[in-house]
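Examining the three-dimensional arrangement
Below are the chains, spelled out letter by letter.
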Amino acid sequence: MKCIFTILASALLLWGCSKDSQELYDEGQATTVAETQNNNDVARSAGSKVMMQAFYWDCPGGGTWWNTVSSKVPSWASAGIDAIWLPPATKASSGGFSMGYDPFDYFDFGNFNQMGNTETRFGSKTELQNLITTAHNSDLYVLADIVVNHCSGGASQANPFTGGNTYTSFTPASGMFARSYYDFHPNDIQNNDSGSFGGYPDLSHSKSYVQDWLYNNSNSIAKYYKNVMGFDGWRFDYVKGFEPWVVKNFKNAVGGFTVGEYWDGNAATLDWWAGQAEASAFDFACYYRMRDAFMGNDLTQLNGDMLLKRNAYRAVTFVANHDTDEIINNKLLAYAYILTHEGYPCIFYRDYEEWLDKNKLNNLIWIHNNRASGSTTYLHADNDEYVARRNGGQGIIVYINNSNSWQERWVDTNWSNTKIKDYTGHSGWEPTTQSDTWVKIQAPPHGYTVWSVK
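Residues numbered from 1 in each chain as written. Predicted model: local features only at pLDDT ≥ 70, side-chain atom pairs only at ≥ 80, totals over all residues. Heavy atoms only, no water.

Quick look at the overall build of the chain
Selection rule: Secondary structure is summarised from DSSP: a helix means a run of H or I of at least four residues, a strand means a run of E of at least two, and numbering begins at the N terminus for each. Accessible area is worked out with a 1.4 Å probe on protein chains only. A residue is then buried under 20% of its type maximum, exposed over 50%, and partly exposed in between. Here a residue-residue contact requires only that any non-hydrogen atoms of the pair lie within 4.5 Å. Residue-level accessible areas treat just the shown protein chains as cover; the underlying method is Shrake-Rupley with a 1.4 Å probe. Charge counting treats Lys and Arg as positive and Asp and Glu as negative, with His and both chain ends excluded. The atoms used to mark charge sites are NZ of Lys, CZ of Arg, CG of Asp and CD of Glu.
Across its full length, the chain holds 12 helices and 19 strands. By its C-alpha atoms, the chain is 75 × 50 × 35 Å across when sized along the principal axes. For the chain, the residues scored as buried account for 56% of the 454 residues in total. Across the chain, every contact between residues at least 6 apart in sequence was considered, and the portion connecting residues at least 24 apart equals 65%. Total accessible area computed for the chain in this model is approximately 16,700 Å², and 45% of it derives from carbon and sulfur atoms. Charge-centre separation for the chain: the mean point of 33 positive side chains lies 5 Å from the mean point of 47 negative side chains.

In structure tokens, the structure reads:
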């Protein structure tokens with residue numbers, strides 16, 4: 001995440017809540033249960049198809065974004081998306097200007113007048129609920145972005161653990177999860193945890209009060225987001241800042257697909273964190289190998305260590321996100337890589353909706369969902385060419401060519417005496433494999449082909 005906010009000297013609190021927190025929870029819970037009983041939802045899942053990151057940094061403000069995403073959902077579902085990842089959905093210290101990564105009130109989804117406005121940057125609570133309902137009606141899983149390393153917007157208070165004043169007095173208008181200096185570092189039991197961010201007050205996950213509000217209580221963040229708002233899964237921000245058991249406990253309290261942003265290019269470290277948290281991790285190791293491969297014109301980098309090669313079940317692969325967009329040249333080739341290889345691919349909103357060829361991405365999504373499965377055999381890599389084979393089902397051969405001209409190559413397949421074709425439409429060849437399973441295939445300049453049984 002990016003830090004572009006300053007910590008406010010005081011919180012502007014306009015109290016609009018006449019019910020206590022348990023009454024608010026009970027009211028919301030009753031509404032949600034009634035809606036669910038009348039909806040006949042089919043079971044949704046995430047992880048087998050493709051995720052959409054349904055926002056970007058500084059996406060349009062003014063309270064329109066939830067409606068914008070809602071309008072995209074049916075076409076995304078038709079294309080083969082099975083989950084959408086939303087930005088932090090609750091009121092932050094920068095109010096209607098915030099992307100949500102400076103959290104203030106974890107239970108204000110755009111329904112309390114505080115921090116300068118009622119709606120969040122993205123819209124109202126009702127509009128968010130309508131978006132989630134629309135997604136569920138299209139059998140899409142909805143991931144909430146959970147920011148629990150730090151908070152922002154607290155009022156100044158004398159802090160006996162620092163000997164000075166700190167901005168650690170939080171009295172949110174929702175009346176839920178009020179915080180003081182006892183709930184941040186340093187405190188009476190712990191000076192620090194594994195990391196702080198940007199000078200924000202650092203939430204202390206060792207405090208039972210914090211644990212209760214995050215996932216233990218019936219009206220905790222985890223259970224409110226799941227049971228009242230209808231979120232299905234979780235993307236955890238900046239997980240370097242706290243221990244993996246926090247994510248594990250949160251997930252165990254409510255279930256759901258869970259992925260953490262452990263920003264590190266070391267595949268072994270990512271694998272360690274995923275194992276400790278019992279969750280998926282964004283595959284930054286894969287991201288950096290692809291960056292070096294496609295920006296450095298050296299496809300041998302794709303032979304490097306990645307989480308998807310160590311533990312494909314836990315790897316969420318991506319080409320760009322709201323923080324990181326360094327693969328400028330040959331970006332579609334990078335998508336051809338993640339959408340034909342192991343792991344759970346995530347597509348960036350702007351790449352899909354604005355910057356790249358949507359038809360080509362839809363074709364790759366179809367290939368991922370219908371043809372790419374099983375283990376991977378790496379067949380060839382040099383500066384300009386990369387070839388790999390997926391061995392599940394009928395199987396595929398993916399051929400990536402980063403040179404300036406058409407290339408041809410003999411490759412070993414799993415097919416004997418079988419006619420094959422390129423499912424991207426980039427090549428018109430329909431060769432028949434030899435009895436020993438070898439065949440010659442081709443790929444266009446700065447392009448790719450994906451071959452399978454015709």
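Past the structure itself, the notes keep going.
Quick word on the nonpolar core
This is how it is decided: For the purposes of this section, nonpolar cores are sets of buried Ala, Val, Leu, Ile, Met, Phe, Trp, Tyr and Cys residues that join through side-chain atoms within 4.5 Å.
One finds Ile84 and Phe231 to be the most contacted residues of the largest nonpolar core, which totals 122 residues. Judged by nonpolar contacts, the second largest core, of 11 residues, contains Val387, Ile397, Tyr399 and Ala443.

A short note on the side chain of Glu353
Test applied: What qualifies as a polar contact is a pair of N or O atoms within 3.5 Å, subject to a donor-acceptor requirement within protein and to the restriction that residues adjacent in sequence count only when both atoms come from side chains.
Position of Glu353 relative to the elements: it lies in helix 11 (residues 349-355). Taking relative accessible area as the criterion, Glu353 reaches 18% and is therefore assigned buried. One polar contact links Glu353 to Lys72, side chain to side chain, over a distance of 3.4 Å. A polar contact is formed between the side chain of Glu353 and the side chain of Lys358, at a distance of 3.0 Å. With residues near it in sequence (within four places) discarded, Glu353 still touches Lys72, Trp76 and Lys358.

Section: the packing of aromatic side chains
Let me state the cut-off plainly: Aromatic pairing here means that ring centres of Phe, Tyr or Trp (its six-membered ring) are within 6.5 Å. Orientation follows from the plane angle: under 30 degrees is stacked, over 60 is edge-to-face, and everything else is tilted. A ring is considered to have a charge above it if a Lys NZ or an Arg CZ atom is located within 6 Å of its centre and within 35 degrees of its normal.
Scanning all chains against the criterion turns up 36 aromatic pairs. Judged by centre distance (6.0 Å) and plane angle (15 degrees), the rings of Trp366 and Tyr423 are stacked. With Trp366 in helix 12 (residues 358-370) and Tyr423 in the loop between strand 17 (420-422) and strand 18 (438-443), the pair connects residues that are 57 residues apart, well separated along the chain. Here Tyr423 falls in the buried class, since its relative accessible area comes to 16%. Over the ring of Tyr378 we find Lys309, and its NZ or CZ is 4.7 Å from the ring centre. Seen from the ring of Tyr423, Lys421 lies directly overhead, with NZ or CZ sitting 4.7 Å from the centre.

Examining the packing of helix 8 (residues 284-295) against helix 10 (residues 331-338)
To keep it simple, the criterion reads: In this analysis an axis means a line fitted to C-alpha atoms, helices contributing only their contacting stretch, and an angle means the value between N-to-C directions, from 0 to 180 degrees. Angles below 35 degrees are treated as roughly parallel, those above 145 as roughly antiparallel, those between 65 and 115 as roughly perpendicular, and all remaining angles as oblique. Crossing handedness follows the turn of the near helix against the far one: under a right angle anticlockwise gives a left-handed crossing, and clockwise gives a right-handed one. Each residue receives one of three labels: charged for Asp, Glu, Lys and Arg, nonpolar for Ala, Val, Leu, Ile, Met, Phe, Trp, Tyr, Cys and Pro, and polar for the others, Gly being one of them.
Look at helix 8 against helix 10: their axes get within 10 Å of each other, and the N-to-C directions meet at 140 degrees. What the angle tells us is that helix 8 and helix 10 run oblique. Note on packing geometry: the crossing formed by helix 8 with helix 10 is right-handed. Contacts between helix 8 and helix 10 involve Cys286, Met290 and Phe294 from the former and Leu333, Ala334, Tyr337 and Ile338 from the latter. For the contact of helix 8 with helix 10, the per-class residue count stands at seven nonpolar, no polar and no charged.

Describing the sheet that holds strand 19 (residues 447-453)
Worth spelling out the cut-off: Between any two strands, pairing holds if DSSP finds at least two bridges.
The sheet built from five strands is open, its strands ordered 13-14-15-19-17 with antiparallel pairing. Strand pairing shows two members of the sheet lacking a second neighbour, strand 13 (376-381) and strand 17, which therefore form its edges. On average, adjacent strands in this sheet sit at an angle of 20 degrees to one another, irrespective of strand direction. With five bridges connecting them, strand 15 (residues 396-401) and strand 19 associate as antiparallel partners. Looking across to strand 19, one finds that Ile397 is bridged to Trp451.

Observations regarding the sheet that holds strand 8 (residues 233-236)
The strands making up a sheet associate through hydrogen bonds between their backbones, and the pairing can be parallel or antiparallel. Taken together, the eight strands give a closed barrel; going around it, the order is 1-2-5-8-9-10-11-12, and neighbouring strands pair in parallel fashion. Taking each pair of neighbouring strands and ignoring which way they run, the sheet shows an average axis angle of 25 degrees. With three bridges connecting them, strand 1 (residues 50-53) and strand 12 (residues 344-348) associate as parallel partners. Counted as the bridge partner of Met51 is Cys346 from strand 12. Across the sheet, helix 2 (residues 65-79) touches strand 1 and strand 2 (81-85), and the angle it forms with strand 2 is around 150 degrees.

Some remarks on the pattern of salt bridges
Here is the rule: The salt bridge criterion pairs a side-chain nitrogen of Lys or Arg with a carboxyl oxygen of Asp or Glu, the two atoms within 4 Å.
Counting across every chain of the model gives 20 salt bridges. The partner of Glu353 in a salt bridge is Lys358, and the shortest N-O contact between them spans 3.0 Å. A residue is classified by how much of its surface remains accessible, and Lys358, at 31% relative accessible area, is partly exposed. Residues joined by salt bridges that share partners form a network here, namely Asp145, Arg235, Asp237 and Glu261.

Quick notes on the environment of Trp406
The residue Trp406 is located in the loop between strand 15 and strand 16 (407-412) in this model. Taking the C-alpha atoms as reference points, Trp406 and Ala443, 37 residues apart in sequence, are found 5.8 Å from one another. Among residues more than four places away in sequence, those in contact with Trp406 are Asn401, His426, Gln442, Ala443, Pro444 and Pro445.

Some remarks on the pairing of strand 6 (residues 155-159)
Of the strand pairs in this sheet, strand 6 and strand 7 (residues 164-169) are connected by five bridges, and their pairing is antiparallel. Among the inter-strand pairings, Gln157 is bridged to a residue of strand 7, identified as Thr166. Hairpin connection between strand 6 and strand 7: a loop of four residues separates the two successive antiparallel strands, and Gly163 in this loop has a positive phi of roughly 75 degrees.

Some details on helix 7 (residues 267-277)
In plain terms, the rule: Each C-beta atom gives one direction from the helix axis, and the arc is the one those directions make.
Ala267, Leu270, Trp273, Ala274 and Ala277 are the residues of helix 7 that are buried. Viewed along the axis of helix 7, the buried residues span an arc of 125 degrees, placing them on a single side of the element. Of the surrounding secondary structure, the elements contacted by the buried residues of helix 7 are helix 6 (244-254), strand 9 (258-260), strand 10 (280-282), helix 8 and helix 9 (307-310).

Notes on the confidence of the model for the chain
Inclusion rule: For every residue, the predictor assigns a confidence score, pLDDT, that lies between 0 and 100.
For the chain, the mean per-residue pLDDT works out to 92, and 91% of the residues sit at or above 70. Counted against residues more than four places away or in other chains, residues 2-42, with its pLDDT under 50, gives 72 contacts.

A word on the environment of Gly47
By the element assignment, Gly47 lies in the loop between helix 1 (21-39) and strand 1. Judged by relative accessible area, Gly47 falls into the partly exposed class, the value being 32%. With 273 residues separating them along the chain, Gly47 and Ala320 place their C-alpha atoms 18 Å apart. With sequence-adjacent residues up to four places away left out, Gly47 is seen in contact with Asp82 and Tyr344.

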